[in-house]
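# Summary of structural features
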Amino acid sequence: MSTVQTKIETASRSLGYRKFSAGQFTFERDEYFAHILYPGGRHLIPIDAYLRSLMRDVAWGFFYGTVNFDTLFGTINRYGTVDMFVGLLNEAYYSANRHYVETFNSRQLRKVFMEMLEDWTNQGFDPFAAPDETGVPFGPKQGSNSKAIHRERMVAKRMVGLPGDLPYRSDATGETVNRQFTDVPQDKPEVYAEPGFENEVHAFNMFAYVSRSDVTWNPSVVSCVRDSQFCCTTEEHILPITHGNDRVEWFIQATDEIIWDIDDGKTGRPRAKVIMKAGDVAAMPADVRHRGYSPKRSMLIVWENNDGTLPQRYAAGELKPYPVEF
Amino acid sequence: MSTPTYFGSLNDFKKGGVTVINDDPKHYVFSNVFEVASKSKPYEKVAVGKNLNYVIEAVRAEGNSPWYACEHDEAALVMDGEVEVHYVKPDRPQTPAGKEGTVKLAGEPAGQKMGWVKVRRGHMALLPKGAAYQFRSAAPGVMLVQTILGDCTVEKWGEICQK
Ligand SMILES: [Fe+2]
């Protein structure tokens, strides 16, 4: 495993940004690009897309499976360690043996990523917001936006609103209804619990809760049945990363529409397009990578199975990549 | 004002779909909950999602449902209509220990009334473990139930999914 060293150096062209390294990877940013230097070469990613991807990777603790920043660079969660790669999941790079992979301690790499995000995010740019809602990240270093990048991931233990569980969102908590969901009813369910049953007789307005999310493409758990998690999220513009899950996940489109590009998880070859409208349900097989496009802000329920034994069982072929056969 | 939010309903839904480039559409197990409920009998619990033993069922809410009980938590999300859920704490356990999924009861069990909720589109109700419950809906509605595969789960993927 490689060790992580954070070098406190400024990039050569004194734009004010720090340079970071992890193992044999070096990261620099300039006005428009993140530069990823690795033993095989240098790879560039537009800085807006890079920061948005980095934000998700950090916030989700490397998430389930693979987080592809683009067709070359990404991370694979090994739960405790994480593989960082260039070209590993790109057919051309891999077959020409031009790929590069290094394994890191997850906590150490996350620390470097977090510092990078902190240093490279300029004032006025929120990597979690839709492009129409925030400023631009370009140019030389200008201030910071610590508040935006330190949001906590919201995970309900049982269900939002139960005593001791995730609280509701409201104007009073500063969580206002998003500009694109002003027509989502904010009414409350009628709840009549007999004394002593307040922890059990429970309901809440989930759509209203989701309409008040100020982040995009950032699932938060609202209800659990053991390892079955409903992760609700508001989607607008493009999912910054292309997600290659290490297990089957499902989508339930709650409102509006998302168009998904589905590519093969290993090679990146296109496999399908999936158009989802309100009420549509679809599985994402365990061997694909997916990236969504949401023209209007929409609500999506990402349905995950949090069982920690799954990645191995899918990888070993014990489980088929498709959830249902008919 | 931005584009209105589109919800879909039992009487008015649009459906997307899978366009394959090099794949089988069946791999995406694609269906629409409103379409499924439009063809279901009242309170038929039709699986529209399955992840090993976990399921999501599309349920047409219409009239009074049977009484149900469950060993573990479940959650019901209303996608269309207005539904009441009435809860009873049974005097005696209604389900065998370790039983997974929704269990249909013969009728309302003897026990203590716990209360009730009235939920509309977008509202989610907890169906707490160990409780018995009944749905009541004056007009046809649609719910999604997050639960575990059980005796009441209906699997008819070939009828509901894109092929
Ligand atoms: Fe995903």
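Source: prediction; values computed, not measured.

About the thresholds
Residues numbered from 1 in each chain as written. Chains lettered and ligands numbered in written order. Predicted model: local features only at pLDDT ≥ 70, side-chain atom pairs only at ≥ 80, totals over all residues. Helix = DSSP H or I, 4+ residues; strand = E, 2+ residues; numbered from the N terminus. Rg over C-alpha atoms; globule rule 2.2 N^0.38 Å. Buried ≥ 20, exposed ≤ 12 C-beta atoms within 10 Å, placed from the backbone. Pairing = 2+ DSSP bridges. pLDDT = per-residue confidence, 0-100. Contact = placed C-beta atoms within 7 Å. Nonpolar A, V, L, I, M, F, W, Y, C, P; charged D, E, K, R; others polar. Domains from an automatic or database assignment.

## Focus on the overall build of chain B
For chain B, the count of helices and strands is two helices and 12 strands. Listing every helix and strand of chain B by position from the N terminus yields β-β-α-β-β-β-β-β-β-β-β-β-β-α. Whereas a compact globule of 163 residues would reach a radius of gyration of roughly 15 Å, chain B reaches 17 Å, a difference of no more than 12%. Considering only C-alpha atoms, chain B reaches an extent of 55 × 40 × 25 Å along its principal axes. Every one of the 163 residues in chain B was classed for burial, and the buried ones make up 55%.

## Quick notes on the pairing of strand S12 (residues 220–225) of chain A
Residue and element names in this part refer to chain A. Counting buried residues along S12, five of its six residues qualify, which places the element largely inside the surrounding structure. Two strands pair when backbone bridges link them, and S12 and strand S13 (residues 228–238) are joined in this way by five bridges, in the antiparallel orientation. Its bridge partner lying in S13, Val225 is registered against Ser228. Joining the antiparallel neighbours S12 and S13 is a turn of two residues, in which Arg226 adopts a positive phi near 50°.

## Remarks on the confidence of the model for chain B
In the predicted model, chain B carries a mean pLDDT of 97, and 99% of its residues have values of at least 70. In the predicted complex, the global pTM is 0.96; the interface-specific ipTM is 0.98.

## Focus on the interface of chain A and chain B
In this complex, chain A contributes 58 residues to the contact, which on the side of chain B involves 63 residues. By residue number, the principal contributor to the side of chain A that touches chain B is strand S17 (residues 270–277) of chain A, which donates eight residues. Of the residues contributing to the side of chain A that touches chain B, the split by class is 35 nonpolar, eight polar and 15 charged. Alignment of strand S10 (residues 190–193) of chain A against strand S9 (residues 111–120) of chain B, held across four bridges, turns out to be antiparallel. Bridging from a neighbouring strand, Glu190(A) pairs with Lys118(B) of S9(B).

## Remarks on the domain arrangement of chain A
Residues and elements named next belong to chain A. What the domain assignment reports for chain A is domain 1 (9–149) and domain 2 (171–214 + 216–315). One C-alpha centre belongs to domain 1, the other to domain 2; they are set 24 Å apart. The interface of domain 1 with domain 2 comprises 19 residues on the first partner and 21 residues on the second. For the side of domain 1 that touches domain 2, the secondary structure elements donating two or more residues are helix H1 (47–59) and strand S6 (66–68). Considering each element in turn, the side of domain 1 that touches domain 2 owes the most residues, five residues, to H1. A class-by-class count of the residues in the side of domain 1 that touches domain 2 yields 10 nonpolar, six polar and three charged.

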